[in-house]
Amino acid sequence: MSIIQILFSFLTVLALFGAIMVLVSKNPVHSVLWLITVFFAISGHYILLNAQFLAIVNLIVYAGAIMVLFLFVIMLMNLNAESEPRKHLWMKFAGVISGGCFLMVLVSLIRQTVELTGKTVLMKEGNIGLIKNLGKALFSDYVVPFELSSVLFLSAMVGAVVIGKKD
Amino acid sequence: MTLLAFDWILMVEKLILIAIIVFASLGIALYTTFAERKVAAILQDRPGPNRAGPFGLLQPFADGLKLIMKEEIIPNSASKALFILGPGLAMTAALMTCSVIPWSSHVELFDRKIDLQIADINIGILYIFGVVSLGVYGIMIGGWASNNKFSLMAALRGASQAISYELAMGLSLIAVLMISGSLSLKTIVEEQMDAGSLWNIAYQPLGFVIFFICALAECNRTPFDLPEAENELNFGYHQEYSSMKLGFYLFSEYINMIMSSAVMACLFFGGYDIPFLNEAKLAPNIAAILGLLALLTKIVIFIFVFMWIRWTIPRFRYDQLMNVGWKKLIPLALFNMLLTGALILWKQG
């Protein structure tokens, strides 16, 4: 076992454990904090894949900004374990069954994909994830989708400002 | 044994480097607290702490001992695990920045070339940005876990302030990146050291001013210390904390100050570059030591400016703070970015 495999298993266990704790935690603030742990673990995976830019942007955007806003809202609303409405048993069952079905579909899809069979992940090699190569690819090969998504962001921002206005 | 096949000597070397840098930053932070009180005293025309040791130099140790000896109180209604996690997180986030700062060039010891930087990753600036954005968790978690309305208010203030000023900070950084063309702090410093090139402050005066203001806000320093506004919030987000947990919060603020001074020195003031001196002519070890001293001098000057501002300028009102952040600094930073881009294009012809 190389150091990369050890790190991989550690991060995987951390990510899965964190994800389960997000669901199991009674207190919404704890859930958010576990979700941040999951993001850290996933960023660790990105670093193992040598996608440093993706790793750090994942941390800045998700762990650094979006999760802070989540915490913000939860703290302001002062949600507690007691104030959360109890769900019916049949709703929980329905959730488990539909989630399980979705998992089965995903797993079977991945197992059947021709492109993925017999391939191992490129660990610590391949440099498309480095910022220079990624930037070149985004601004030459994929420039139209990139600009289109930026227009989408702009319109979302304008929309947020319009909704946020009082009158 | 092939279980862990990698360069053990490199590992030991890095561990020693990490230990030195962490303890050095803690030591400097210790004396920054002392310097803060002395600077305040000078600005207010009074002697300041002068009882413990010569010129009061042992005062920070006395303060530290006092904090450690105090009784540890965890409120009954507090969320205990998070209450303890908060100060730890604040401290960790503050110390994490030091790993990408190039403290000096390299030294040669025992036939090995040792870089005085823990990790020269090619996303250095983004890493700093990421750590800064995590720094707010220490405040938020501590404030929420205390289960005190004032703490919570302060934590929310701190979080919204940090998020608002991160934007302008990032935008002012982009202009620096456009000039240097690299995200690695070492490359940025080396580019400023090249013969014939000026420090980045010469190309980015506006960017530096914006970055400096945002650094003040991110470190919760006056005039942006609203999370600690005593007259409105009693004591701020660390109201329920006592003993060394409170010490960690206060200490992490000073470490944040040191780290942001170091980052500013590296980005805008040539890092470990000594002006009007060609370091390449010196022996590498001497150049490294002189470079380290140069960087430390720049850091000390910045810290003094931080303190000078704190004891001169009163605190903003909260709406003024948001106004400056969103309506003044962000448009200014955008303008700076466009201007830099246009000038670079014009120079390329």
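Just above, that's the structure.
The rules behind these values
Residue numbers restart at each chain and count upward from 1, following the sequence in its written direction. In the order they appear in the text, chains get letters beginning with A and ligands get numbers beginning with 1. Side-chain atom pairs in this predicted model are given and counted only at pLDDT of 80 or more, local residue features only at pLDDT of at least 70, and totals for whole chains, interfaces and linings cover all residues. Side-chain measures here rest on the full set of heavy atoms in the structure, leaving out hydrogens and waters. The set of buried Ala, Val, Leu, Ile, Met, Phe, Trp, Tyr and Cys residues whose side-chain atoms join them within 4.5 Å is what this entry labels a nonpolar core. When accessible area is computed with a 1.4 Å probe and restricted to protein chains, residues below 20% of their type maximum are described as buried, those above 50% as exposed, and intermediate ones as partly exposed. Runs of H or I in DSSP of at least four residues are treated as helices and runs of E of at least two as strands, each being numbered from the N terminus. In this analysis, two residues are considered to be in contact whenever any of their non-hydrogen atoms come within 4.5 Å of each other. The term salt bridge refers to a pairing of a side-chain nitrogen on Lys or Arg with a carboxyl oxygen on Asp or Glu at a separation within 4 Å. To define axes, lines are fitted to C-alpha atoms, for helices over the stretch in contact only, and angles between the resulting N-to-C directions are given on a 0 to 180 degree scale. Angle categories are assigned with fixed cut-offs, so that under 35 degrees is roughly parallel, over 145 is roughly antiparallel, 65 to 115 is roughly perpendicular, and the rest are oblique. Helix crossings get a hand from a simple test, with the near helix turned counterclockwise from the far one by less than a right angle marking a left-handed crossing and a clockwise turn marking a right-handed one. Side-chain classes follow a simple rule in which Ala, Val, Leu, Ile, Met, Phe, Trp, Tyr, Cys and Pro form the nonpolar group, Asp, Glu, Lys and Arg form the charged group, and the remainder, Gly included, forms the polar group. Pairing of aromatic side chains requires ring centres within 6.5 Å, counting the rings of Phe and Tyr and the six-membered ring of Trp. Pairs whose planes differ by under 30 degrees are stacked, by over 60 edge-to-face, and all others tilted. Counting of polar contacts relies on pairs of N or O atoms within 3.5 Å, with two restrictions inside protein: one atom must be capable of donating a hydrogen and the other of accepting it, and residues adjacent in sequence are counted only when both atoms are side-chain atoms.

Some words on the nonpolar core
Considering soluble globular proteins, one finds that nonpolar side chains tend to be buried as a cluster. With 75 residues, the main nonpolar core has Trp103(B), Ile125(B), Phe211(B), Phe212(B), Ile255(B), Met264(B) and Leu267(B) as its most contacted residues. With 13 residues, helix H10 (residues 243-268) of chain B is the single largest residue contributor to this core. Filtering out sequence-adjacent residues up to four positions away, Ile255(B) remains in contact with Ser25(B), Leu26(B), Ala29(B), Met91(B), Ala94(B) and Leu95(B). Counting 37 residues, the second largest nonpolar core, distinct from the first, contains Val29(A), Val68(A), Phe72(A) and Tyr241(B).

Quick notes on the pattern of salt bridges
Residue and element names in this part refer to chain B. Going through the model one piece at a time under the given rule, you end up with 4 salt bridges over all chains. We note a salt bridge from Glu72 to Lys245, for which the minimum N-O separation is 2.5 Å. Of this pair, Glu72 sits in the loop between helix H2 (59-69) and helix H3 (80-96) while Lys245 sits in helix H10, and the two are 173 residues apart along the sequence.

Side note on the packing of helix H3 (residues 52-77) of chain A against helix H4 (residues 124-145) of chain B
For the pair H3(A) and H4(B), interaxial distance at closest approach is 9 Å and the crossing angle is 25 degrees. When the axes of H3(A) and H4(B) are compared, the pair comes out roughly parallel. The handedness of the crossing between H3(A) and H4(B) comes out as left-handed. Contacts between H3(A) and H4(B) involve Phe53(A), Ile56(A), Ile60(A), Ala63(A), Gly64(A), Met67(A), Val68(A), Leu71(A), Phe72(A) and Met75(A) from the first element and Leu126(B), Tyr127(B), Phe129(B), Gly130(B), Ser133(B), Leu134(B), Val136(B), Tyr137(B), Met140(B) and Trp144(B) from the second. For the contact of H3(A) with H4(B), the residue count by class is 17 nonpolar, 3 polar and no charged.

Section: the packing of aromatic side chains
By the definition in use, this model includes 17 aromatic pairs over all chains. Joined through ring pairs, the aromatic side chains of Trp199(B), Phe208(B), Phe211(B), Phe212(B), Phe268(B), Phe269(B), Phe302(B) and Phe306(B) make up one cluster.

Observations regarding the interface of chain A and chain B
On the chain B side, the residues contacting the 25 residues of chain A number 25 residues. Taken together, chain A and chain B are joined by 0 salt bridges. Put simply, chain A and chain B have 1 residue pair in polar contact (both at pLDDT 80 or more) between them. Those elements giving two or more residues to the side of chain A that touches chain B turn out to be helix H1 (3-24), helix H2 (28-48) and H3 of chain A. If one sorts the elements of the side of chain A that touches chain B by residue count, H3(A) sits on top with 13 residues. Residue composition of the side of chain A that touches chain B, grouped by class: 20 nonpolar, 5 polar and no charged.

Functional significance is not addressed by these values, which are geometric in nature.
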